Every structure is written in structure tokens, then in C-alpha cells.
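Structure at a glance
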Amino acid sequence: MDYIKAFITGGVICIIGQILIDKTNLTPARILVCFVTAGAILTALGIYDPIVEFGGAGATVPLPGFGYALAKGAIKGVKELGVLGAFTGGVTATAGGITAAIVFGYLAAVLFDPKEKS
Amino acid sequence: MSKHRMGGQTLYLTQNPPKIISRASIVGKKEGEGPLAEYFDKIIEDDLWGEKSWEKAERRMLIETAELTLRKAKMEPRDINYLFGGDLLDQIVTATFAARSLGIPFYGLYGACSSMTQTMSLAAPLIDGGYADNVLCVTSSHFCSAERQFRYPLEMGVQRPPTAQWTVTGAGGVLLSSDGKGPCITHVTTGKVIDFGIKDTNYMGAAMAPAAADTIRAHFEDTGRGPNDYDLIVTGDLAKYGRKLTIDLLKKDGYDIEDRFIDCGCEIFYESQDVHAGASGCACSAVVLAGYLLRKMEDGEINRILMASTGALHSIITSQQGDSIPGIAHAVAIEKKG
Amino acid sequence: MDSLDVKQKKINKEYQDYANSLSPKSKVFKNCMMAFIVGGLICTIGQLINNLAKIYYGMNKEEASTITSITLIFIAALLTGLGLYEKIGKRAGAGSIVPITGFSNSIVAPAMEHKREGYVLGVGAKLFSIAGPVLVYGISTSVIVGLINYFFVK
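Basis of the calculations
Residues numbered from 1 in each chain as written. Chains lettered and ligands numbered in written order. Predicted model: local features only at pLDDT ≥ 70, side-chain atom pairs only at ≥ 80, totals over all residues. Heavy atoms only, no water. Helix = DSSP H or I, 4+ residues; strand = E, 2+ residues; numbered from the N terminus. Rg over C-alpha atoms; globule rule 2.2 N^0.38 Å. Buried < 20%, exposed > 50% of the residue type's maximum accessible area, 1.4 Å probe, protein only. Contact = heavy atoms within 4.5 Å. Areas by Shrake-Rupley, 256 points an atom, 1.4 Å probe, with all protein chains shown as cover. Lys, Arg positive; Asp, Glu negative; His and termini not counted. Charge placed at Lys NZ, Arg CZ, Asp CG, Glu CD. Phe/Tyr/Trp six-rings, centres within 6.5 Å; stacked < 30°, edge-to-face > 60°. Lys NZ or Arg CZ within 6 Å of the ring centre and 35° of its normal. Expected span 1.5 Å × (residues − 1). Bend = angle between axes of the 7 residues up to and from the residue. 1 Å grid on protein atoms, 1.4 Å probe; cavity = no way out; pocket = protein on both sides within 12 Å on 5 of 7 lines; lining within 4 Å. Points joined across faces, edges and corners; volume = space filled by probe spheres on them. Nonpolar A, V, L, I, M, F, W, Y, C, P; charged D, E, K, R; others polar. Polar contact = N/O pair within 3.5 Å; in protein donor to acceptor, adjacent residues only side chain to side chain. Domains from an automatic or database assignment. Buried area = accessible area lost by both parts, 1.4 Å probe. Salt bridge = Lys/Arg side-chain N within 4 Å of Asp/Glu carboxyl O. Patch = residues over 30% accessible without salt bridge, like charges linked within 9 Å, V, L, I, M, F, W, Y side chains within 5 Å.

**Some details on the overall build of chain B**
Within chain B one finds nine helices and 15 strands. Since a compact globule built from 338 residues should have a radius of gyration of about 20 Å, the 18 Å found for chain B is in line with a globular shape. Each principal axis of the C-alpha distribution contributes one length, and for chain B these read about 55 × 50 × 35 Å. A total of 338 residues make up chain B; the buried ones form 65% of that total. Once local pairs closer than 6 in sequence are excluded, the contacts in chain B between residues at least 24 apart make up 78%.

This is the structure:
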């Protein structure tokens, strides 16, 4: 059951992205930025938690989920460390993903060459 | 008042109109799978062509095209008075680096995709006026080098909208001469920079169509000619929608060119090749002219054409700052005599 | 001069409207279906990794979520390197941009392409040409969220 929920939640978030691409002139880079920011704001407002509760990976894998993890981390950091936690919490919670992106990104870029397109 | 001008924007070459005595074109693999494949001199097997980068591959295409153009006319670089060249890359590095190898006195020109007729427009009066005997005009573009400069990295998983165009990989060259056999350039109409406020860099055809229409209209007004005086009216890379816009804009001015109007961007690929609206790039009009159109003139199927390459003169910076895309088109009339 | 500008603006507006009316609309419904299916599928794979991590390795929610991100990022980096992610993206649109795999793709693609300009200012700098803004805005927003929590939420 949680697979179906994940499929639908993730799919719907992607549909929102697709509508933004087709109907507005937002570039993919801007959409990524908007989604991460929106995820963090929705989390702060307490709206994203129920979505994660329902959709599981369907809500955490899309980029708003990255914003969710950042905001969750910051809130948790504040609870544990006070004002310092606002600065350390977000990146601490997402350190694994960010580091993986840098390391795997670097390796892939070094090991492979872009292919010609047709 | 100059003796050789007609109207506001046109030169009339009457003293010794330059002849196109040699032509060459090299294209990429995808272009070699298109409908005009048989007209090109050489089709490279892959986009890198054994070089270390796409920029180097593009440079090699331009150099080999220039050499091939000369070889066909049995000439050496030292026989050539001027080399005019242009391309799409920043600081027109392809043309300048090619000129370094060729060792011909050189003017590098930037007119974006209008480069082909831009170079010819400047070369032709030099010969007609007796200031040069042989001038070589070459331009090039490369899908991969242009794409990464102007749009996204190739491996980015993004969709292209229906109005997007596909940059032609290739290089085309023509040799203009005061002496020899070949079709003549009789008129040169220099375009103005026209901007109707289109900002969408995925809709270049719409940005350039007003410039194409303006130059063609200016040519008709200056020369007193009309669409019926030409077998073909050709634009560079307006693609499907830009072509339609140009037809409509000229209809408003009272010129109906539809039945004899082709756009190089609509000719070079099949619709099934997934290029969306059509082709673009400096090489688009260059290889269609040097490969296809001049061959049709040699074969006697067409005798008089008006050729207008079209260019979009924006940069990444201007587009990011919200400026619209200025367009330009330069026209040359090419006529088979005798 | 002003009246000329007004006139030209009117011509421009008319032309832009006409040009836009000519351009075919993207097939929004079909694109959305593709985005739904591919995006949904990526998330389902994520859910699978998540569940495996919880069941077989006894990870808690946060750990499982992190290992899911890391695995998906790895897969997407590999597919980008092999030239396959672009092929998926051409059809899936937002379906392969919005998931974390799209973030990974946006890191590898420019870096790979700029390798010929060197390993520091080519690969190193270009890794973040598209992903950098995501981190800037994401992390900054999280700091603001944290500060608001500190000052206003008990």
C-alpha cells in the first residue's frame, strides 16, 4: 500500500512541476529552486508533515522533500542547540544527500564524457 | 551620391559582379541523415570527429571546408585576397582560429546565424569595385558547442518546446572571384537590426522573422523588383513558425512570396528527426546554399535567387537581464548569367 | 518620439500575440501523464529502498530517508554519465527533473561537459552551476525557518 501512496504523491508533485514548465516560462533551474524553497516553507507552516506521513518516499524524494528535510533539521537544531541550531540543523540533516551529490557527481563527471545527441 | 546604390539599403553590382566559382560543405551525422545528404561534400562520422572537444571539431570542419573550397577552384591560400568568416561561439573563435591556420588576410564577422550572407555582402562589393580578385567566405556552427554555450548542458534531462530549433553541425564556404565561371552576385541588401520584442530564446524564428521580412521588403522597394523576379526566395533559419510569420508580415506590405519561399531551416532535416520547429545556426544557410542551392543553379533548375541569412543577435547576459532578442537579415541576389 | 514608441509598442504587442498564437501548445496532458508515471516510479523505487533499509538494516526514519537519497543520487549520476538520463528526461519532463535524481542530473551534466576546461574551474566550479542556487535558497530558507522557530515559537 505504501508503494501506491508513494507513486501517487510523487506523481502529483511532478505533475505540478510539469504544469509550471508548460504553462509558465520558468526554466528547470528556477523550478528546482522554487520547489525546494516551497518545501521548506510548507514544512514551517506544518503543511508538509501530513503529506510525508501519507506519501512516504513520494513526498521525500521530490525536491520539496529536500526542503522539508532542511527545514525539519533547522527546527530540530533550534530545539537542541538554540539559535546556533538554526544554522547547523538544516545542513546536518541533509549532509548525506549533499555529500553524495558532490562525490558521485564529481566521479561521474570525471569518469564519463557527454555523448553526442541526435 | 554614390553611383552604385539603389534606394536606402541596396548595392547594385554592375562593374564586375563577383562570380561564385567554388563551393564546399561539410556536415554532421544527423544532417547527413536528412533529405539533403547527397548534396554535401562530406559527412563526418561523429560530432567529435576524433578531436578532443566539440569546439576543436567545429574548427576543423571550418578549416577543411575552406581548403576544399580552394582545392575545387585549384587555388592556394596565397591566391586569396581576403578571408571573411564567422560563427556562433564567443569571440568568434572558430573563424579566427581557422584563419590562423589558413594564413589569409582575415576579417572576422559576427552576425550570428546571418553570417553567411553577411560575409558575402562585404566580399561582393570589394570584388565589384576592383579591390579584390578572390575572396573566401566561410561560416560554421556545431550543435554541441552552441547548445552548451546558449542553452543547457547536453546531458541535462530537459524537454525542448515545440518552437525550439536544432543547431546545424556543419560548415559551408563559397569562393567569390572577379574571374571564372559561376553564378553572379548582383545585388546586396543590408539589413537593419529589427526587434519586435520577442524574449523567448526557444522561439528564435519569431524573433528573426520581422528582420527577414524587413530586408526582403527593402530589397523589393530599392530594386523595383518583386517576388516574380526570383525563382526562389530563401531565408536562413526561421524554421516552421518563423517562415509562416515572414509570409504574413510581407503580405501586409503587399508582397506574396509564399509559392517561391523556402527556409533553409525547414529543408535540412526530416520532420521525423525530432528537431521540433526546424534547424538553425550559421551552418544552416551556409551548407544549404553551398551544397544544395548552388548545385540547383549549376543544374539549371533555378536561375535567380534572393538569399537572406537570418540572425538573432542576443547573448546569454542580455536574455538573463530581460532584454528582447534583436534580429537581422542580409540579402544577396544571386543570378546565373549567360 | 513618445507617440512613435507607443505606436511601435502596439505593433510589437500585436506581433507577439500573433507569434504566440502560431506556436503550438506543448501537449500538457500527455506531458503531465508522463511526468506522473516517471515521477511516481522514481518515488516508488525510493519507497522500496526506504523499506529495505528499515526492515533489513533496522534504520530509523531519518537514516532510511538519507540512504534513499544517497542511493537515488548515485543511480542518477551513473545514468547521466552513461547518457541515459537525458533520454528519460526528454520524455518525462518534470517527472525526472523534480525528484532528487534531477538534482543529481543537474550536477553531473554541466560538470561532465566542462571537463575540457580543467578540473578546478571546469568540473569543480560547474558542478554547482544549476544545483548551487538550489542549495543557496534551500539552506537560506531553512535558516530563516529555524530563526523564526527560535524567536516566535515556544
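**Some details on the overall build of chain C**
Check the secondary structure of chain C and you find eight helices and zero strands. Its C-alpha atoms give chain C a radius of gyration of 22 Å, more than 25% over the compact-globule value 15 Å for 154 residues. Expressed along its principal axes, the backbone C-alpha trace of chain C runs to roughly 75 × 45 × 40 Å. Out of the 154 residues belonging to chain C, those deemed buried represent 47%. Partitioning the contacts of chain C with sequence separation of at least 6, the portion at a separation of at least 24 is 50%. As displayed, chain C offers around 8,000 Å² of accessible surface, 69% of which is attributable to carbon and sulfur atoms. Here chain C holds 16 positive side-chain charges and 9 negative ones, and the gap between their average locations is 7 Å.

**A word on the packing of aromatic side chains**
Residues and elements named next belong to chain B. Summed over the entire model, instances satisfying the criterion amount to twelve aromatic pairs over all chains. Geometrically, the ring pair formed by Tyr-82 and Phe-84 is stacked, given 6.1 Å between the ring centres and 10° between the ring planes. Residue Tyr-82 is classed as partly exposed on the basis of its relative accessible area of 24%. Aromatic side chains Phe-220 and Tyr-255 sit 4.8 Å apart centroid to centroid with 45° between the ring planes, which places their arrangement in the tilted category. Taken together, the residues Phe-220 in helix 5 (residues 204-223) and Tyr-255 in the loop between helix 6 (239-252) and strand 12 (261-263) connect sequence positions 35 residues apart. Take Phe-220 and Tyr-255: they sit in the same class, and that class is buried. Every member of this aromatic cluster is reached through a ring pair, and the members are Tyr-82, Phe-84 and Tyr-107. Lying across the ring of Trp-49, Arg-60 places its NZ or CZ 3.8 Å from the centre.

**A few points about helix 8 (residues 282-298) of chain B**
Residues and elements named next belong to chain B. Here helix 8 contains 17 residues, and its C-alpha end-to-end distance of 23 Å stays within 8% of the 24 Å for a straight helix at 1.5 Å per residue. Its maximal kink placed at Leu-289, helix 8 deviates by approximately 40°. In the stretch just after helix 8, Gly-300 is the one whose phi turns positive, near 80°.

**Some details on the layout of surface pockets**
If you add up the space inside the second largest pocket, you get close to 1,000 Å³. Contributing to the lining of the second largest pocket are 44 residues, with Tyr68(A), Ala69(A), Lys72(A), Ala93(A) and Glu62(C) lying nearest its centre. By residue number, the principal contributor to the lining of the second largest pocket is helix 5 (residues 63-81) of chain A, which donates eleven residues. Of the residues assigned to the lining of the second largest pocket, the class counts are 16 nonpolar, 19 polar and nine charged.

**Here we look at the interface of chain B and chain A**
Facing the twelve residues of chain B at the interface are eight residues of chain A. For the pair chain B and chain A, the interface holds two residue pairs in polar contact (both at pLDDT 80 or more). A class-by-class count of the residues in the side of chain B that touches chain A yields six nonpolar, one polar and five charged.

**Thoughts on the domain arrangement of chain B**
All names here are of chain B. In terms of domains, chain B is made up of domain 1 (5-177) and domain 2 (184-335). Taking only C-alpha atoms, the centre of domain 1 and the centre of domain 2 are 17 Å apart. Together, Gln-9, Arg-23 and Gln-165 form the three largest contributors to the area buried by domain 1 at its contact with domain 2, with a combined 16%. Linking domain 1 with domain 2 are one salt bridge, by the criterion used here. The salt bridge involving Glu-298 is made with Arg-23; its shortest N-O contact spans 2.9 Å. For the pair domain 1 and domain 2, the number of links is 30 residue pairs in polar contact (both at pLDDT 80 or more). Secondary structure elements with two or more residues in the side of domain 1 that touches domain 2: strand 2 (10-12), strand 3 (19-27), helix 3 (115-128), strand 7 (134-141), helix 4 (143-150), strand 8 (165-167) and strand 9 (170-177).

**As for the environment of Met297(B)**
Position of Met297(B) relative to the elements: it lies in helix 8. Note: C-alpha distance between Met297(B) and Pro183(B) (114 residues apart in sequence) is 7.6 Å.

**Thoughts on a nonpolar patch on the surface**
On the surface, Leu81(A), Val83(A), Leu84(A), Phe87(A), Ile144(C), Ile148(C), Tyr150(C), Phe151(C), Phe152(C) and Val153(C) cluster together to form a nonpolar patch covering roughly 1,000 Å² of accessible area. The set of elements that each furnish at least two residues to the nonpolar patch consists of helix 6 (83-111) of chain A together with helix 8 (128-152) of chain C. A per-element tally of the nonpolar patch places helix 8 of chain C first, with five residues. With respect to the secondary-structure elements, Ile148(C) resides in helix 8.

**Concerning the interface of chain C and chain A**
On the side of chain A, 69 residues touch chain C, which itself brings 68 residues to the contact. For the pair chain C and chain A, the summed buried area comes to about 5,600 Å², and 78% of that belongs to carbon and sulfur atoms. At the boundary of chain C and chain A, one finds one salt bridge. Between Asp113(A) and Lys115(C) there is a salt bridge, with its nearest N and O atoms 3.0 Å apart. One can count twelve residue pairs in polar contact (both at pLDDT 80 or more) joining chain C with chain A. Ranked by the residues each element gives to the side of chain C that touches chain A, the list is headed by helix 2 (residues 28-57) of chain C, at 17 residues.

**A few points about empty space enclosed by the protein**
All chains considered together, the criterion is met by three cavities of 30 Å³ or more. Here the largest cavity defines a volume of roughly 50 Å³. Lining the largest cavity are Leu32(A), Met156(B), Gly157(B), Val158(B), Ser96(C), Ile97(C), Gly102(C), Asn105(C) and Ser106(C). Broken down by secondary-structure element, the contributors of at least two residues to the lining of the largest cavity are helix 5 (94-97) and helix 6 (100-113) of chain C. Broken down by element, the lining of the largest cavity gets its largest block of residues, three residues, from helix 6 of chain C. Approximately 40 Å³ is the volume attributed to the second largest cavity. As for the second largest cavity, its lining consists of Lys117(A), Gly28(B), Lys29(B), Lys30(B), Glu31(B), Asp47(B), Phe143(B), Trp166(B) and Thr169(B). A per-class count over the lining of the second largest cavity returns two nonpolar, two polar and five charged.

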